[in-house]
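Summary of the model geometry
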Amino acid sequence: MKWRIRVEQEPEFEKTRNETHNQNKTKKILTRISKPVQSFLIASWKGASYGATLITMLLIFAIGFDFHTGLGKLVDVVLFFLIAIIGTWVAVKMGEWLIKRVKKLPTLFIASLAISLTITIYTLDQFRSLENILPLAYLLVAIGVITGALFGYPLTLGLKKPLSITMLLLGVFVTGIFCYWLFTPGTLDERLANTVEPFSPVSQNPSEYGSHDVNTFTYGSGTDKQRDEFGNEVDLQTRSVNASSMIGEWSKEREWFWGFKDANVPLNGRVFMPEGEGPFPLVLIVHGNHKMEDFSDQGYNYLGELLASRGFLTVSVDENFFNSSWSGGVSGDINGRAWLLLKHIEEIESLSTQQDTQFFNKVDMDHIALIGHSRGGQAAILATKFNELDRYPNNANMRFDFNYKIETVIALAPTDYQTLSDRKVEVDDVNYLLLGGSYDSDLSEFEGDRQYNGIELTGSENAMKSSLYIDGANHGQFNTTWGENDTYFPFTLLLNKQPLLEGDEQRQIASTYVSGFLEATLHEDESYQPMFEDYRYALEWLPKTTYISKYEDPSYHIFSDFEEDVNVLTATSPYIEITANSFIQWYEGELEFRRDKERGTHGVFLKWDQSYSKNASYSLDLTKPLQDPYNFTPNSALTFTAANVSEAEDQQPVDFRVTVSSANGESSSVMLSDIMPMHGALPIQHTKTKFFEERRYGEPTEPVLQTFNIPMQLFKKENSFVKLDEIDSITFEFNASQKGKIFLDQIGVNQPN
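How each quantity is defined
Throughout this document, residue positions are counted from 1 along each chain, in the order its sequence is written. In keeping with the predicted nature of the model, local features appear solely for residues at pLDDT of at least 70, side-chain atom pairs appear and are counted solely at 80 or more, and the whole-chain, interface and lining totals rest on all residues. Hydrogens and water molecules were not included; the side-chain quantities draw on all heavy atoms of the structure. Paired strands, in this sense, are two strands between which DSSP finds at least two bridges. Here a helix means four or more residues in a row that DSSP labels H or I, a strand means two or more in a row labelled E, and each is numbered from the N terminus. Any two residues whose heavy atoms approach within 4.5 Å are treated as being in contact. Here an angle of 0 to 180 degrees is reported between the N-to-C directions of two axes, which are lines fitted to C-alpha atoms, with helices fitted over the stretch in contact. Scored between 0 and 100, pLDDT is the confidence that the predictor attaches to each residue. Throughout this description, the term salt bridge denotes a Lys or Arg side-chain nitrogen within 4 Å of a carboxyl oxygen of Asp or Glu. Each residue is assigned to one of three classes by its accessible area relative to the maximum for its type, calculated with a 1.4 Å probe on protein chains only: buried under 20%, partly exposed between the two thresholds, exposed over 50%. Residues belong to a common nonpolar core when they are buried Ala, Val, Leu, Ile, Met, Phe, Trp, Tyr or Cys residues joined through side-chain atoms within 4.5 Å. The scheme is simple: roughly parallel for angles under 35 degrees, roughly antiparallel for over 145, roughly perpendicular for 65 to 115, oblique for anything else. Each helix crossing is assigned a hand: it is left-handed if the near helix lies turned anticlockwise from the far helix by less than a right angle, otherwise right-handed if that turn is clockwise. Gly is placed with the polar residues, together with every amino acid not listed as nonpolar (Ala, Val, Leu, Ile, Met, Phe, Trp, Tyr, Cys and Pro) or charged (Asp, Glu, Lys and Arg). The span you would expect from a helix comes to 1.5 Å times its residue count less one. Patches here are clusters of residues that have more than 30% relative accessible area and form no salt bridge, with a 9 Å joining cutoff for like charges and a 5 Å cutoff for nonpolar side chains (Val, Leu, Ile, Met, Phe, Trp, Tyr). Each accessible area is a Shrake-Rupley estimate made with a 1.4 Å probe; only the visible protein chains count as cover when residues are assessed. Neither His nor the chain ends contribute to the count of charged residues, in which Lys and Arg are positive and Asp and Glu negative. Charge coordinates come from a single atom per side chain, which is NZ of Lys, CZ of Arg, CG of Asp or CD of Glu.

1. Let's talk about the sheet that holds strand 17 (residues 465-470)
Spatially, 2-1-5-7-6-8-11-15-17-18 is the arrangement adopted by the 10 strands of the open sheet, whose pairing is mixed. Where the open sheet ends on each side, the last strands, each with one partner, are strand 2 (236-237) and strand 18 (547-552). With 5 bridges joining them, strand 11 (residues 406-412) and strand 15 (residues 431-437) adopt parallel strand pairing. Residue pairing across strands places T408 opposite N431, the latter belonging to strand 15. This element, helix 11 (residues 503-521), spans strand 6 (280-286), strand 8 (363-373), strand 11, strand 15, strand 17 and strand 18 of the sheet and lies at about 170° to strand 11.

This is the structure we're talking about:
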């Protein structure tokens, strides 16, 4: 029996012996290979080190041949020769010294520090660009190292030593301070009080509910995997459309989540329909980019219910499937969002002709408005552009056949980066309203102002455009789903949310302005127009904060917009010459955003300081009387836009005098503050840490233009001998404020009907 067992085990023994033999053979081969390699490295590492150093020296030395200090060529070459040799060698030796010290540290600490820093930088880089997040990454890892060291000391050595207890208490204190800083909302910015008195309203409060009861229902594919209201509980089933030509790649993960491909995109909408006899103007609201799993379309219910009660058939459009996700985004999504808006109008138009649908005889297709938030705001203006085109500019094989009567576009904190055929999107003669906030921590800039500048009012239509900049408003609170967090966790913990308006306050502003603008443009109620030309007519309905507004309609005729040339002595009109005196700075240029992005508007920068020179003035001298419609009449007003571009610490409101002179030698002056105050600089800090603020958000202030209108009757009242039809000069006199800097633009005449 024993012999039989031994025989059965012999094959296994032979197998093991063979494996051992093979392993030994492999080791011998590796040893033979590694020895020459090690020998080579040992013999050549010094040479390699000197080679790397030498190539760096040669690079610096080569730069010296084309560098000019003004001291002569020989001095330049010698200087860079010394920098190349001495500077590089000192840097190498310092690096060698540092590495030797680092090598003495425990390997666990070195590995933990390196891995933690790498992962932290990589993780943060997924949300923001590398240059923006590096200071934050260093700060977070440093906090971890310090707190870990404070707790690690007593854990290693015990609590018997007094130093251990001290370190533990210090660790608890530092951790508590960090957690307090992390989870508190932030700090208020210092603001100088700047009281603006409201005007008596000339219309009814547009944020109050109207006389219509509201019927709500949904339309959609009926097959939605994620939401019953667009799935088996949908009230009205609609078709799907092929969006593959309008957007980029549709990932497998996106298809898995939604249950459809880009060739089969649903038309889903939440409808707020006024009860009663129609037809009613059609208003579509579209959200922007957000986590696609956190549905955005229901975040505008507050607008849908209000507008429907006031007689607007309102639809909140579902485009959540175009939004970002953990699996990535969709390239070209704004084009897809815009096109899909028009397909919704197309579907609603078809449904309105079918007697068995809720839309039958309810839709006024002659009065359509688009409202968009964030990327939806840019999609709304892009849809308006698509609406007038026959073919898709980015793929001319795709035909468009829309041509709907889109009269009004409203943009809430819109993006403005999309182009068509590498050109900025511009639209003519559409009513346009822009709302944006100083504490938009997503966009960080008043990007919609560039979109505003792209709206051209030719005068062929009775259209208007208006913007309202709201201090304390953020990006997300226009949508109840998005709320106060303008970024993703954990970045939300770094946002300075203390200065924000309450969500209900921000939505009160949106309700007032959106409803009022639709009353003025779709219901054609002219009593609402003044609140868009001058926000003070709406102040009684708005929360207390700082507002800056801009306005234009066909009655505005601009004779100096500073877009004509680089000559600071000329204006847009060839009959105007410009003179200026006693400024520290006087130059024309483009007004930029906080992060130096182009804004699309040029003007003149004027900086003065009376301690340097007194009586600074800027004059437009008319060499020939201005002709209709640029001439001044008793019913007209001098109009211009201006922004306070003083430094952040100079928060005092700027004031100046405007003087007009007529050909008979008479003149008359009006103080700007008697018309409307120009706000001081508004310093803004989006985050709780300076390490992240400057890199991510740029300058501490953002210049925002305010429209000023000075009735010519006021000049006549100050001096009745001034002849308004013979005005030959307009002068801005800067002797009321000690110092300041402004940007001046769009000087002209407002000729009310």
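2. Quick notes on the confidence of the model for the protein
Any residue range with low pLDDT should be treated as having predicted coordinates unsuitable for detailed reading. For the protein, mean pLDDT is 88; residues scoring 70 or higher make up 92% of the total. Predicted confidence is poor over residues 1-10, with pLDDT under 50, and the contacts of this stretch with residues over four places away or in other chains come to 0 contacts.

3. Things to note about the pattern of salt bridges
Counting across every chain of the model gives 22 salt bridges. Among the ionic pairs, E229 bridges to R270, the shortest N-O distance being 2.6 Å. Here R270 lies in strand 5 (residues 269-274) and E229 lies in the loop between strand 1 (214-220) and strand 2, a separation of 41 residues in the sequence. You can call E229 partly exposed: its relative accessible area is 24%. A salt bridge links D416 to R450; the nearest nitrogen and oxygen atoms lie 2.6 Å apart. Of this pair, D416 sits in the loop between strand 11 and strand 12 (419-420) while R450 sits in helix 10 (residues 448-453), and the two are 34 residues apart along the sequence. The same class applies to D416 as to R450, namely buried. One connected set of salt bridges, linked through shared partners, spans D224, R227, E229, R270, D297 and D318.

4. Re the sheet that holds strand 20 (residues 576-581)
Within the open sheet, the 5 strands sit side by side as 20-23-28-25-26. Their pairing is antiparallel. Unpaired on one side and paired on the other, strand 20 and strand 26 (667-671) mark the two borders of the sheet. Between one strand and the next, the sheet's axes are offset by a mean angle of 15°, whatever the strand orientation.

5. A word on the environment of F532
As for its position among the elements, F532 is in helix 12 (residues 530-533). The class for F532 is buried, based on a relative accessible area of 1%. Separated by 15 residues in sequence, F532 and F517 place their C-alpha atoms 7.9 Å apart. Beyond its immediate sequence surroundings of up to four residues, F532 is in contact with L433, M464, S466, Y513, G516, F517, K550 and Y551.

6. Description of the nonpolar core
Residues Y618, F640 and F732 are the most contacted members of the largest nonpolar core, which totals 82 residues. Sorting elements by how many residues they give to this core places helix 11 first, with 7 residues. One finds L284, M292, M365 and L420 within the second-largest nonpolar core, a separate group that totals 74 residues.

7. With respect to the packing of helix 8 (residues 333-351) against helix 9 (residues 375-386)
At a minimum axis distance of 8 Å, the contact between helix 8 and helix 9 shows a crossing angle of 60°. With respect to helix 9, the axis of helix 8 lies oblique. Crossing angle aside, the handedness with which helix 8 passes helix 9 is right-handed. Every residue of helix 9 that contacts helix 8 at D333, I334, N335, R337, A338, W339, L341 and L342 is listed here: R375, Q378, A379, A380, L382, A383 and F386. Tallied by class, residues from the contact of helix 8 with helix 9 come to 10 nonpolar, 2 polar and 3 charged.

8. Concerning the environment of L71
Looking at the secondary structure, you find L71 in the loop between helix 1 (2-64) and helix 2 (73-103). For the pair formed by L71 and T707, sequence separation is 636 residues and the distance between their alpha carbons is 53 Å.

9. Brief notes about helix 8
Over its 19 residues, helix 8 runs 26 Å from end to end, which matches the ideal 27 Å to within 8%, given 1.5 Å per residue. Burial of helix 8 is extensive: 16 of the 19 residues sit out of reach of the surface.

10. Quick look at the pairing of strand 24 (residues 637-644)
Across the 8 residues of strand 24, 8 count as buried, placing the element largely inside the fold. Strand direction decides the pairing type here: strand 24 and strand 27 (residues 706-711), joined by 6 bridges, are antiparallel. Pairing of A637 across the sheet is with P711, part of strand 27. When strand 24 meets strand 29 (residues 739-750), the two strands line up antiparallel, connected through 7 bridges. Of the residues in strand 29, the one forming a bridge with A637 is N750.

11. Thoughts on unusual backbone geometry
Excluding glycine, a negative phi dihedral is what most residues carry, and trans is how most peptide bonds are arranged. The residue after G278, namely P279, is reached through a cis peptide bond having omega 0°. Mapping P279 onto the fold places it in the loop between strand 5 and strand 6. In the segment running from D628 into P629, the intervening peptide bond is cis, with an omega of 10°. Within the fold, P629 resides in the loop between strand 23 (616-622) and strand 24.

12. Observations concerning a negative patch on the surface
Taken together, E647, E649, E694 and E699 make up a surface patch of like negative charges. Mapped onto the elements of the fold, E649 is located in the loop between strand 24 and strand 25 (657-662).

13. Examining helix 9
Note: α-helices contain 3.6 residues per turn, so residues at a spacing of three or four share the same orientation. With 12 residues, helix 9 extends 16 Å from end C-alpha to end C-alpha; this agrees with the ideal 16 Å at 1.5 Å per step. The buried count for helix 9 comes to 10 of 12 residues, which makes it a mostly enclosed element.

14. Thoughts on the pairing of strand 25
Most of strand 25 sits out of view: 5 of its 6 residues are buried. The sheet contact formed by strand 25 and strand 26 spans 5 bridges and is antiparallel. Paired with R657 across the bridge in strand 26 is M671. Two successive antiparallel strands, strand 25 and strand 26, enclose a turn made up of 4 residues, where G665 displays a positive phi of approximately 90°.

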